[in-house]
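Chain by chain, the residues:
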Amino acid sequence: MASSAQDDLAVQDFDSPRPRHLDSPRSRHLDEVPIPSASCFKVSLPPRELTLRPRSQTDIEVEDEADVKIVEGEFGYVLEDVPHLTDYIPDLPTYPNPLQDNPAYSVVTQYFVDIDDTVPQKVVSQKDSPRGTHFRRAGPRQRVYFESDDVQPCIVTCGGLCPGLNTVIRELVCGLSHMYGVNKVIGIEGGYRGFYARNTLSLTPKSVNDIHKKGGTVIGTSRGGYDTSKIVDNIQDRGINQVYIIGGDGTQKGASVIFKEIRRRGLKVSVVGIPKTIDNDIAVIDKSFGFDTAVEEAQRAINAAHVEAESVENGIGLVKLMGRYSGFIAMYATLASRDVDCCLIPESKFYLEGKGGLLEYIEKRLKENGHMVLVVAEGAGQKLIEESMQSMNDKDASGNKLLLDVGIWLSQNIKTYFTTRKMVINLKYIDPTYMIRAIPSNASDNVYCTLLAHSAIHGAMAGYTGITVGVVNGRHTYIPFHRVTETRNKVVITDRMWARLLSSTNQPSFLSSKDIEEARVSEMKPTGSPTRANSTDAEKAQQTKLRNGENRMAGGRNKVQ
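Residues numbered from 1 in each chain as written. Predicted model: local features only at pLDDT ≥ 70, side-chain atom pairs only at ≥ 80, totals over all residues. Heavy atoms only, no water.

Caption draft 1: Focus on the nonpolar core. Ile 155, Leu 172 and Phe 289 are the most contacted members of the largest nonpolar core, which has 101 residues in total. Here this core takes nine residues from helix 3 (residues 165-180), the largest share from any one element. With 27 residues, the next largest nonpolar core counts Leu 318, Phe 350, Leu 358 and Leu 410 among its residues. (Core = buried A, V, L, I, M, F, W, Y, C linked by side-chain atoms within 4.5 Å. Buried < 20%, exposed > 50% of the residue type's maximum accessible area, 1.4 Å probe, protein only. Helix = DSSP H or I, 4+ residues; strand = E, 2+ residues; numbered from the N terminus.)

Following this line, the structure appears as structure tokens:
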């Protein structure tokens, strides 16, 4: 620590299970013995040894059972642990964390995250509910597995643009330098293909100092170009031992394969993912960076559409926003704006013609208010478009299906409908997609990007690998790759947030009772969580309640507390 006086202080983290001295016998033991991540600890539980077991194939389909590390405790406690270098390279030496000598951290009451700290995936529970799934808490560890002078990190960005990419790059470079004394960082140009194309940039705190003020990514990005053998060959040839990969679910899947190949070769290389998607559809985590900025910028487009629509007779402002599979940007921008009359997202079906259809609703709003604002996510109504046009099955370089333009399709159908009814309208179509993607991140996202970057650095230095960093219930965590790639986060149309939107816009739901029931059943289906296939008695009782319709949420009988 910064002074000998501080060494005598008992240090208490605000959410650590118990106070402890950094020079206590336990800490001295930690200094002497490396801590493999696969160890089973008593994690804030009554005295009982936890057991480590591999998760069965029925829990989740994964390529390799060795990737899944589950720690179980009493009362339904489950820790989904993450891989560690010591899992396949035993007896690695450890070193004191340089943070303990960093003057900037001298005022911190506790430098290091307790090895027992975990974060619950769900915080809302009932008195007999199991404790449920937890993830390992992110942050600096007392011992690290890399000496600062030996660290050779690289950073790569993949996929589409997103506000905050440059901020993450900057904070990775500056964090490695300022916290761990690592001053040599390689930037891989142009996405995954940059590894074997041998395109690199030298990144220093000075060279990245102002890049957070710009949109895009200074090291470039691309879709596709993935070749595992070539990528790992070049990681090995260049002596890289920390790989920071910034990208969406497809990129994280690629990162997982890279990790497996590195592990197969027995290389001392930490692979850490930082999830990036402007759509906010990454599973498990609270939100992805750039989302707040996207919603804020989307509001400006909605405001412009509202001004246009309000200024003319029977004005219609149609705004298409991002949201390939998930409509979070459209939903949150609509709620924040309060000027929207109808919001359409991929998760909620709608139909155009007939009683109660979208076109009838638009006509009704025009007669009532003289103008209307309609927001649509890019992935909404794709089945309707395919039915009326020749179906497309083309995909981009990342394997994503190329979507038909719902904005243009809606514009044409709206104009045709009112032409046949001999009603004059003034429709303005606004697509701000590339404007939103290309702007720099706002203040909120800048702070979030900084914390994500620091969590990634601490994890890599502590020897964790094959992980994604993310916030779960407000806490930064380390999550196994497979948990963020096995499914997508989507708007729950049977949830109160969607009900708030319907209340705000006064739009019909466009859903039949059958659609609502299907959505409800879909929400109750088991996920990849290990607590599903290996239920405790309490969980089984809870599942029985769901089946019998006795749960408060069943049958639409939930009471707002």
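Caption draft 2: Here's a closer look at the environment of Asn 489. Among the structural elements, Asn 489 can be located in the loop between helix 14 (481-485) and helix 15 (496-505). Taking C-alpha positions, Asn 489 is 7.4 Å from Val 284, a pair spaced 205 residues apart along the chain. With sequence-adjacent residues up to four places away left out, Asn 489 is seen in contact with Asn 280, Asp 281, Ile 282, Ala 283, Ser 326 and Phe 328. A polar contact is formed between the side chain of Asn 489 and the backbone oxygen of Asn 280, at a distance of 3.4 Å. (Contact = heavy atoms within 4.5 Å. Polar contact = N/O pair within 3.5 Å; in protein donor to acceptor, adjacent residues only side chain to side chain.)

Caption draft 3: Seen up close, the packing of aromatic side chains. Taken as a whole, this structure holds six aromatic pairs when the rule is applied. Ring geometry for Tyr 351 versus Phe 510: centroids 6.4 Å apart, planes at 85 degrees, classification edge-to-face. In this pair, Tyr 351 sits in the loop between strand 14 (342-344) and helix 9 (358-369) while Phe 510 sits in the loop between helix 15 and helix 16 (513-524), placing the two residues 159 residues apart along the sequence. Accessibility expressed as a relative area gives 32% for Tyr 351, which makes it partly exposed. Between Tyr 464 and Tyr 478 the ring centres are 5.5 Å apart and the planes differ by 40 degrees, which places this aromatic pair in the tilted class. Of this pair, Tyr 464 sits in the loop between helix 13 (443-461) and strand 17 (467-472) while Tyr 478 sits in strand 18 (residues 475-480); the two residues are 14 residues apart in sequence, bridging distant segments of the chain. Pair check on accessibility: Tyr 464 and Tyr 478 agree, each one buried. In this arrangement the basic side chain of Lys 230 is found over the ring face of Tyr 196, its NZ or CZ atom lying 5.0 Å from the centre. Across the ring face of Phe 146, the terminal group of Lys 268 is positioned such that the distance to the ring centre comes to 4.7 Å. (Phe/Tyr/Trp six-rings, centres within 6.5 Å; stacked < 30°, edge-to-face > 60°. Lys NZ or Arg CZ within 6 Å of the ring centre and 35° of its normal.)

Caption draft 4: Spatial organisation of empty space enclosed by the protein. Using the criterion set out here, one finds two cavities of 30 Å³ or more in the structure. Its boundaries defined by the atoms lining it, the second largest cavity holds a volume of some 40 Å³. For the second largest cavity, the full set of lining residues is Cys 343, Leu 344, Ile 345, Ser 348, Lys 349, Phe 350, Trp 498, Gln 507, Ser 509 and Phe 510. Residue classes in the lining of the second largest cavity are distributed as six nonpolar, three polar and one charged. (1 Å grid on protein atoms, 1.4 Å probe; cavity = no way out; pocket = protein on both sides within 12 Å on 5 of 7 lines; lining within 4 Å. Points joined across faces, edges and corners; volume = space filled by probe spheres on them. Nonpolar A, V, L, I, M, F, W, Y, C, P; charged D, E, K, R; others polar.)

Caption draft 5: How the structure looks around the confidence of the model for the protein chain. Residues of the protein chain with pLDDT of at least 70 account for 76%, and the chain-wide mean is 82. Taken as a whole, residues 1-63 scores under 50 in pLDDT and shows 154 contacts with residues more than four places along the chain or in a different chain. Below pLDDT 50 for its whole length, residues 531-561 participates in 37 contacts with residues either more than four positions away or in separate chains. (pLDDT = per-residue confidence, 0-100.)

Caption draft 6: A look at the pairing of strand 17. Buried residues dominate strand 17, accounting for six of its six residues. Neither face of strand 17 is open: one carries Ile 467, Val 469 and Val 471, the other Thr 468, Gly 470 and Val 472, and all of them are buried. The sheet contact formed by strand 12 (residues 270-275) and strand 17 spans two bridges and is parallel. Bridge pairing links Val 272 to Ile 467 in strand 17. Where strand 17 and strand 18 come together, six bridges link them in antiparallel fashion. Bridge assignment links Ile 467 to a residue of strand 18, and that residue is Pro 480. (Pairing = 2+ DSSP bridges.)

Caption draft 7: Structural context of the packing of helix 5 (residues 228-238) against helix 6 (residues 249-265). Relative to each other, helix 5 and helix 6 sit at 55 degrees, their axes nearing to 10 Å. With respect to helix 6, the axis of helix 5 lies oblique. When you trace helix 5 past helix 6, the crossing you get is right-handed. Taking contact as the criterion, the partners of Thr 228, Ser 229, Ile 231, Val 232, Asp 233, Ile 235 and Gln 236 in helix 5 are, on helix 6, Val 257, Ile 258, Glu 261, Ile 262 and Arg 265. (Axes fitted to C-alpha atoms, helices over the stretch in contact; angles between N-to-C directions. Parallel < 35°, antiparallel > 145°, perpendicular 65-115°, else oblique. Left-handed = near helix turned anticlockwise from the far one by under 90°.)

Caption draft 8: Region of interest: the sheet that holds strand 13 (residues 315-321). Taken together, four strands build an open sheet; the order of strands is 14-15-13-16 and the sheet is parallel. The outermost strands of the open sheet, each flanked by one partner alone, are strand 14 and strand 16 (426-430). Direction aside, the axes of adjacent strands within the sheet are offset by 15 degrees on average. Two elements, strand 13 and strand 16, share five bridges in a ladder whose sense is parallel. Across the sheet, the residue bridging to Leu 318 is Tyr 429, located in strand 16.

Caption draft 9: Region of the structure containing the side chain of Thr 86. Among the secondary structure elements, Thr 86 is positioned in the loop between strand 3 (77-81) and strand 4 (95-96). A polar contact of 2.8 Å, which involves the side chain of Thr 86, links it to the side chain of His 84.

Caption draft 10: View of the packing of helix 9 against helix 11 (residues 406-420). Helix 11 packs onto helix 9 with a crossing angle of 65 degrees between their chain directions and a minimal axis gap of 11 Å. Relative to helix 11, the element helix 9 lies roughly perpendicular. Like other packed secondary-structure pairs, helix 9 and helix 11 cross with a definite hand, here right-handed. Taken together, the residues of helix 11 that come into contact with helix 9 (itself represented by Leu 358, Leu 359, Glu 360, Ile 362, Glu 363 and Leu 366) are Leu 410, Asn 413, Ile 414, Tyr 417 and Phe 418. Of the residues belonging to the contact of helix 9 with helix 11, the class tally is eight nonpolar, one polar and two charged.

Caption draft 11: Representation of the environment of Thr 420 within the structure. Turning to its location among the elements, Thr 420 is positioned in helix 11. Looking at Thr 420, the relative accessible area reads 59%, which means it is exposed. One polar contact links the side chain of Thr 420 to the main-chain carbonyl oxygen of Tyr 417, over a distance of 2.6 Å.

Caption draft 12: Quick look at helix 15. Taken together, the buried positions of helix 15 are Trp 498, Leu 501, Leu 502 and Thr 505. Down the axis, helix 15 shows its buried residues gathered within 100 degrees of arc, on one side only. With its phi angle positive at about 65 degrees, Asn 506 sits one or two positions after the end of helix 15. (Arc of directions from axis to C-beta.)

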